[in-house]
Number of protein chains: 2
Amino acid sequence: MNKRSLKDLLYEQVARVGSAVASPKRLELLEVLAQGEKTVEQLASELSIDIKLASAHLKRLKAAHLVTSRRAGKHVVYQLSGTDVALLWVQLRQVAEEHLLELRLALDRMVANPEHLTPMAREGLLEQARRGEIIVIDVRPRAEYDRAHLPYARSMPLSELVSRIAELPRNREIVAYCRGPFCLMADEAIEMLRNKGRQARKLSDGVSEWQAAGLPLETLVVTPQ
Amino acid sequence: MNKRSLKDLLYEQVARVGSAVASPKRLELLEVLAQGEKTVEQLASELSIDIKLASAHLKRLKAAHLVTSRRAGKHVVYQLSGTDVALLWVQLRQVAEEHLLELRLALDRMVANPEHLTPMAREGLLEQARRGEIIVIDVRPRAEYDRAHLPYARSMPLSELVSRIAELPRNREIVAYCRGPFCLMADEAIEMLRNKGRQARKLSDGVSEWQAAGLPLETLVVTPQ
DNA sequence: CGTACATTCTAATGAATTAAAGAATAAAAG
DNA sequence: CTTTTATTCTTTAATTCATTAGAATGTACG
């Protein structure tokens, strides 16, 4: 076996992972799965696509060993094969953000209040939250918060925000985050809070970005693997 | 513009980067370019492919803004858009190595002396090299060494190794490295050295892996950007 | 100014991919 | 055992991609 065909074989294997992340739908699946395990049904509903299509994409991700699946009753539950897969997604998005001007423009366009959306400095956030100077809320569904969330963050799912808004102190700035820069839940929350006269900002990080930056998370159970 | 189509747009942009790294040839181009800028001719020769094909792949990489090009006389020189692109390649390869068993098997198969190829611990290497207990040689072409190399490493291109072998002290272990785990230059050097009765090991890291691990490099010029 | 050389552009073909619709399977519940 | 529900498999058409070969472009050198 000569050197060239060996090399071809190696790069071909890595390209299998590359092909797996070459589809918008599969990237979105990876991002949602980075928040915790989900059934095919949940994923399809999250992406607004047909269950069959979701299943097909998950099958390809599984073929590249980026996700694993198990049956739980009537449902099949998928999860990422490891945290390195979430880090790969973050790295990929960062390269795209850095080099694709169009992506930045689209990102800017998608925010309702561009002037306040500047991602907060990560360094000071922890300390400010610890001292109670700011209130950090996690607006993702409760299950995702339970699996892992930012230190000092309290769970306040978007769906409950309207009815529970009184729980948030009036004299503190509120910082909301969700799944990451592409997720719109925090933006919705902030719009809602501002309409109620609260001072609110968005933290564009999600738990994956936070983890990729080497910062600590609070998790109920330490994930095996 | 609704939320769904906005999201689709964002993920589609990231998927453009994904598509760019979904081809074995383009991945190999990125790895070679991570060693420094090269002309189309050099790249085509390095990959053993037609110049036209190399140009086509480079065009796609350029469309994804992963590389930039400039004209230098008769030649067109390509280089990576930034170090984050090299880090993306490393992350992608690491995920593939971690989760694709076949890749690991292929990697094992490609080494002549599997028992000695264990990648050396990075921690101790610097110190041992500093104290002169081991001799670290960089067997890549001189130009790549000049751009960036590991601390305490001396340049000893594979092509010159046979004639310059006397420069290496007989009573020291020699550690050879090249472009990374997929590069075979260090393996060739080690085989050669062992045939001459030297004690030699391979460090499977290249400068990108070294950098990704957060370790220092020696560079002649600080690269702008 | 024209030749030589390196690179890119332009088809053209076969292979691979996406998404949709219908058929088929697998497990759980009555 | 049968029905229900959830998921996967199969087929299809439209799209995109890799590779090759030939034409065209751009730069340097005489």
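Computed from a predicted model, the values in this text were never measured in an experiment. (Residues numbered from 1 in each chain as written. Chains lettered and ligands numbered in written order. Predicted model: local features only at pLDDT ≥ 70, side-chain atom pairs only at ≥ 80, totals over all residues.)

## Considerations on the overall build of chain A
Then, number 1: Summing up its helical and strand segments, chain A has 11 helices and 7 strands in all.
Then, number 2: For chain A, the share of sequence-separated contacts (at least 6 apart) that also reach a separation of at least 24 residues comes to 60%. (Helix = DSSP H or I, 4+ residues; strand = E, 2+ residues; numbered from the N terminus. Contact = placed C-beta atoms within 7 Å.)

## So, the protein's contact with DNA strand C
Then, number 1: DNA strand C sits among 22 residues. The nearest are A:Ser23, B:Thr39, B:Glu41, B:Ser55 and B:His75.
Then, number 2: Looking at the surface near DNA strand C element by element, the count peaks at 5 residues for helix α4 (residues 51-63) of chain B. (Near = placed C-beta within 6 Å.)

## A short note on the interface of chain B and chain A
Frequently, the measure chosen for interface size is the accessible area that the parts lose on association.
Then, number 1: Each partner contributes residues to the interface: chain B has 47 residues there, and chain A has 47 residues.
Then, number 2: With 16 residues, helix α1 (residues 3-20) of chain B is the single largest residue contributor to the side of chain B that touches chain A.
Then, number 3: In terms of residue class, the side of chain B that touches chain A is made up of 25 nonpolar, 11 polar and 11 charged. (Nonpolar A, V, L, I, M, F, W, Y, C, P; charged D, E, K, R; others polar.)

## As for the protein's contact with DNA strand D
Then, number 1: Residues in contact with DNA strand D amount to 23 residues; listed here are only the nearest, A:Glu41, A:Ser55, A:His75, B:Ser23 and B:Gly73.
Then, number 2: Classifying every residue of the surface near DNA strand D by side-chain character gives 6 nonpolar, 7 polar and 10 charged.

## A word on the sheet that holds strand β2 (residues 67-72) of chain A
Residue and element names in this part refer to chain A.
Then, number 1: Taken together, 3 strands build an open sheet; the order of strands is β1-β3-β2 and the sheet is antiparallel. The strands lining the two open edges of the sheet, one partner per strand, are β1 (38-39) and β2.
Then, number 2: As judged from the 6 bridges shared by β2 and strand β3 (residues 75-80), these two strands associate in the antiparallel manner. Following the sheet pairing, arginine 70 is matched in β3 by valine 77. (Pairing = 2+ DSSP bridges.)

## Remarks on the packing of helix α1 (residues 3-20) of chain A against helix α5 (residues 83-99) of chain B
Then, number 1: It is the contact of α1(A) with α5(B), at a shortest axis distance of 9 Å, that shows an interaxial angle of 105 degrees. With respect to α5(B), the axis of α1(A) lies roughly perpendicular. Contacts between α1(A) and α5(B) involve A:Gln13, A:Val14, A:Val17 and A:Gly18 on the former and, on the latter, B:Leu92, B:Arg93, B:Val95 and B:Ala96.
Then, number 2: Split into classes, the residues belonging to the contact of α1(A) with α5(B) amount to 5 nonpolar, 2 polar and 1 charged. (Axes fitted to C-alpha atoms, helices over the stretch in contact; angles between N-to-C directions. Parallel < 35°, antiparallel > 145°, perpendicular 65-115°, else oblique.)

## Some thoughts on the packing of helix α2 (residues 24-33) of chain B against α4(B)
All names here are of chain B.
Then, number 1: Packing of α2 against α4 leaves a shortest axis separation of 10 Å and a crossing angle of 75 degrees. As summarised for this structure, α2 and α4 are arranged roughly perpendicular, according to the angle between their axes. Of α4, the residues touching α2 (which contributes Lys25, Arg26 and Leu29) are His57, Leu58, Arg60 and Leu61.
Then, number 2: Its residues assigned to classes, the contact of α2 with α4 shows 3 nonpolar, 1 polar and 3 charged.

## Regarding the nonpolar core
Grouped burial of nonpolar side chains is what soluble globular proteins tend to show.
Then, number 1: Core analysis: the biggest nonpolar cluster contains 66 residues, and A:Val17, A:Leu66, A:Trp89, A:Leu92, B:Trp89 and B:Leu92 have the highest contact counts within it.
Then, number 2: Once residues within four sequence positions are removed from consideration, A:Trp89 is found in contact with A:Leu27, A:Leu30, A:Glu31, A:Ala34 and A:Ser208. (Core = buried A, V, L, I, M, F, W, Y, C linked by C-beta atoms within 7 Å. Buried ≥ 20, exposed ≤ 12 C-beta atoms within 10 Å, placed from the backbone.)

## Looking at the sheet that holds strand β5 (residues 154-155) of chain B
Residue and element names in this part refer to chain B.
Then, number 1: Read from one edge of the open sheet, 4 strands run β5-β4-β6-β7, paired in parallel fashion. Each having just a single partner strand, β5 and β7 (200-202) make up the two edges of the open sheet.
Then, number 2: As paired elements, strand β4 (residues 134-138) and β5 share 2 bridges and run parallel to each other. Opposite aspartate 138, over in β5, you have serine 155 as the bridge partner.
Then, number 3: Helix α10 (residues 185-195) rests against β6 (173-177) and β7 of the sheet, and its axis sits at about 170 degrees to β7.

## Some words on the relation of the copies chain B and chain A
Then, number 1: The operation relating chain B to chain A is a screw motion whose rotation component is 180 degrees, with 0.0 Å of axial translation and a residual RMSD of 0.1 Å. As the rotation angle and translation indicate, the two copies are arranged about a two-fold axis.
Then, number 2: A shared interface surface links the copies, since 100% of the contact residues of chain B are contact residues in chain A too. (Least-squares fit on C-alpha atoms with pLDDT ≥ 70 in both.)

## Regarding the pairing of β3(A)
Then, number 1: When β1(A) meets β3(A), the two strands line up antiparallel, connected through 2 bridges. Bridge pairing in β3(A) places A:Thr39 opposite A:Val77.

## Quick word on the domain arrangement of chain A
Residue and element names in this part refer to chain A.
Then, number 1: Assigned domains within chain A: domain 1 (3-81) and domain 2 (106-212).
Then, number 2: Here the C-alpha centre of domain 2 lies 28 Å away from the C-alpha centre of domain 1.
Then, number 3: On the domain 2 side, the residues contacting the 4 residues of domain 1 number 8 residues.
Then, number 4: Considering only residue class, the side of domain 1 that touches domain 2 consists of 1 nonpolar, 2 polar and 1 charged. (Domains from an automatic or database assignment.)

## Re unusual backbone geometry
For residues that are not glycine, phi is negative in most cases, and the peptide bond is trans in most cases.
Then, number 1: One non-glycine residue, A:Tyr152, lies in the positive phi region at around 70 degrees.
Then, number 2: Tracing the backbone shows A:Tyr152 in the loop between α8 (142-147) and β5 (154-155).
Then, number 3: Under the C-beta neighbour-count criterion, A:Tyr152 is labelled partly exposed, with 17 such atoms within 10 Å.
Then, number 4: Despite not being glycine, B:Ser48 has its phi angle at roughly 60 degrees, a positive value.
Then, number 5: Note that B:Ser48 resides in the loop between α3 (40-47) and α4.

## Section: helix α2 (residues 24-33) of chain A
Then, number 1: The element α2(A) is largely enclosed, with a buried count of 9 among its 10 residues.
Then, number 2: Taken together, the buried positions of α2(A) are occupied by A:Pro24, A:Lys25, A:Arg26, A:Leu27, A:Glu28, A:Leu29, A:Leu30, A:Glu31 and A:Leu33.

## Brief notes about the confidence of the model for chain A
Then, number 1: Chain-level statistics for chain A give a pLDDT mean of 86 and a share of 89% at 70 or above.
Then, number 2: For chain A, the element scoring lowest by mean pLDDT is helix α6 (residues 101-109) of chain A, at 65; β5(A) scores highest, at 96. (pLDDT = per-residue confidence, 0-100.)

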